[in-house]
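One letter stands for each residue in the lines below.
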Amino acid sequence: MRKRIKMIFPVPMSEATRPMVESQLPASLLRADIEVCFVGAGQVTTLADSYYDMALMEQAVIEAGIKAEDEGFDALCINTVSDSGLAALRSRLSIPVLAPGQSAFHMACALGHTFSILTMWPRWFPLYRKTLREYGLESRLASIRSIDVRPDTAALLQGKEELVFGKLLEAAQRAIEEDGADVLVLGSTTMHQAHAYLAEHLPVPVLNPGVIAYKLCEVLLDLGLSHSKRAYPIPEQIKDAAFIR
C-alpha cells in the first residue's frame, strides 16, 4: 500500500512559491510507493527573525500537523530548520514526526567530527543555538557562518544566484579552513537551491536539511519505527481546539 508523508512548510504557500518549495525534492529522490504532500502553515508570512516569530511558527506548524494521523498520513515532516512544533507534534501523534535541524545535525555528526551551519543572516542564529542546546550537540559545532543577506520567503534564492552562491561558497570555505568544519549544513530549507553548487565546489559533505529529514521519514516507514512515546508521552487530554481557528 502506498505511504503518505505530510510536509509542512512553516508559512503560507502561494501558487508561485509552491513549485520552488517542492523542487527541494527532485523526481530522482521520490519513490513510487510514497506520496508527498506539501502544505503551508499559518496565516502570516514570518522570517523567523525574532523569538516572537519563532512562537508564531511553532503555533502554525502545530496547527497544520495535529490532524495528520486522522487524515491518513503515515509520517509527518516539518520543513524548517527551526524544528518548530517538533516536540509538541511528537507528543500529539504516533506516526513518525521528523524535522530538518535535528535530522541534519545528527547526520553531520555521523559523517564528521565537527560541522558548521551555513546561513543567510545573523537573525537566524538563535534558532540554531536553541536546537543545538536541546539536542546536546553544541560541542560538535565548529561555527555558524552567515552571509548577511536578508532572505526572501517568496522567491527563495531565485534571481539571486550570482550574488548568493558566491557569498555562500566563500563563507563555506572559511568554515572549513578557519573553523575546522568536517561537514556543512545549510541553515534553511529555503536555501536548497544552492546545495548542488556548493556540493560540487567544496571538499566536504554539504547537507540539504529538508532532503535529509524527508529521507529519514522513508527509513522510519521502511523499518516500522517511530519516536518513543516514553520520551514524548501522549497528553492526558487532547486540546486541539486551542490551536485550530
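Everything discussed here concerns the structure shown above.
Residues numbered from 1 in each chain as written. Predicted model: local features only at pLDDT ≥ 70, side-chain atom pairs only at ≥ 80, totals over all residues. Heavy atoms only, no water.

Asks: Could you give an account of the sheet that holds strand β6 (residues 141-146), with specific residues and numbers?
Replies: Strand pairing in a sheet relies on backbone hydrogen bonds, with the paired strands running either antiparallel or parallel. What the four strands build is an open sheet, ordered β6-β5-β7-β8; its pairing is parallel. The sheet is open, and its two borders are formed by β6 and β8 (206-207), each paired with just one other strand. Across the sheet, helix α5 (residues 125-135) is in contact with β5 (115-119) and β6; its angle to β5 comes to roughly 150°. (Pairing = 2+ DSSP bridges. Helix = DSSP H or I, 4+ residues; strand = E, 2+ residues; numbered from the N terminus. Contact = heavy atoms within 4.5 Å. Axes fitted to C-alpha atoms, helices over the stretch in contact; angles between N-to-C directions.)

Asks: Tell me about the sheet that holds strand β2 (residues 34-39), residues and numbers included.
Replies: A sheet is described by the order of its strands in space; here four strands give the open sequence β2-β1-β3-β4, paired in parallel fashion. Lying at the two open borders of the sheet, with one neighbouring strand each, are β2 and β4 (97-98). Note: strand β3 (residues 75-78) against β4, two bridges, orientation parallel. Across the sheet, the residue bridging to C77 is L98, located in β4. Against the sheet, helix α2 (residues 51-65) contacts β1 (3-8) and β3, and its axis sits at roughly 160° relative to β1.

Asks: Which residues make up the packing of aromatic side chains, and what values do they have?
Replies: Throughout the structure, instances matching the rule amount to three aromatic pairs. Geometrically, the ring pair formed by W121 and W124 is edge-to-face, given 6.4 Å between the ring centres and 85° between the ring planes. On the basis of relative accessibility, which here comes to 9%, the residue W121 falls in the buried class. For W124, a relative accessible area of 6% corresponds to the buried category. Arranged with centres 5.3 Å apart and planes meeting at 35°, the rings of F165 and Y197 form a pair that is tilted. Taken together, the residues span a long stretch of sequence, with F165 in helix α6 (residues 161-177) and Y197 in helix α7 (residues 195-201) at a distance of 32 residues. We classify F165 as buried; its relative accessible area is 13%. Lying across the ring of F73, R4 places its NZ or CZ 4.1 Å from the centre. (Phe/Tyr/Trp six-rings, centres within 6.5 Å; stacked < 30°, edge-to-face > 60°. Buried < 20%, exposed > 50% of the residue type's maximum accessible area, 1.4 Å probe, protein only. Lys NZ or Arg CZ within 6 Å of the ring centre and 35° of its normal.)

Asks: Account for the pairing of β5, naming residues and giving values.
Replies: The buried count for β5 comes to five of five residues, which makes it a mostly enclosed element. Sheet analysis places β5 next to β6, joined by five bridges and oriented parallel. Bridge pairing in β6 links F115 to L141. In this fold, the crossover linking β5 to β6 by way of α5 has right-handed handedness. Bridge count between β5 and strand β7 (residues 183-186): four bridges; the pairing is parallel. What sits directly across from F115, in β7, is V183. (Right-handed = clockwise from strand over helix to strand, strands pointing away.)

Asks: Give me the lowdown on the pattern of salt bridges, citing residues and values where you can.
Replies: Under the counting rule described, the total for this entry stands at 15 salt bridges. Here K6 ties to E71 by a salt bridge, and the two come within 2.9 Å at their closest N and O atoms. With K6 in strand β1 and E71 in the loop between α2 and β3, this pair connects stretches of sequence that are 65 residues apart. Here R92 makes a salt bridge to D240, at a shortest N to O gap of 2.8 Å. (Salt bridge = Lys/Arg side-chain N within 4 Å of Asp/Glu carboxyl O.)

Asks: Could you give an account of the packing of helix α4 (residues 100-111) against helix α8 (residues 209-223), with specific residues and numbers?
Replies: For any two helices packed against each other, one specifies the crossing angle of their axes together with the interaxial distance. Packing of α4 against α8 leaves a shortest axis separation of 8 Å and a crossing angle of 90°. The orientation of α4 relative to α8 falls into the category roughly perpendicular. Where α4 approaches α8, its residues P100, S103, A104 and M107 are matched on the opposing element by P209, G210, I212, A213 and L216. Taken together, the residues of the contact of α4 with α8 sort by class into seven nonpolar, two polar and no charged. (Parallel < 35°, antiparallel > 145°, perpendicular 65-115°, else oblique. Nonpolar A, V, L, I, M, F, W, Y, C, P; charged D, E, K, R; others polar.)

Asks: Please provide a residue-by-residue account of the nonpolar core, values included.
Replies: Across soluble globular proteins, nonpolar side chains show a tendency to be buried alongside one another. L89, F105, F115, Y128, L184 and L198 are the most contacted members of the largest nonpolar core, which totals 63 residues. In terms of residue count, α6 provides more of this core than any other element does, eight residues in total. Setting aside anything within four residues of it in sequence, one finds L184 in contact with S116, A172, A175, I176, L202, V204, P205, V206 and L207. In this structure, F9, M13, A213 and L221 belong to the second largest nonpolar core, which totals 18 residues. (Core = buried A, V, L, I, M, F, W, Y, C linked by side-chain atoms within 4.5 Å.)

Asks: With reference to specific residues and values, describe unusual backbone geometry.
Replies: We note that D83 has phi near 60°; this positive angle belongs to a residue other than glycine. The topology assignment puts D83 in the loop between β3 and α3 (86-92). The exposure class assigned to D83 is buried, which follows from its relative accessible area of 5%. Residue D148 is not a glycine yet carries a positive backbone phi of 55°.

The analysis is restricted to geometry; functional conclusions fall outside its scope.
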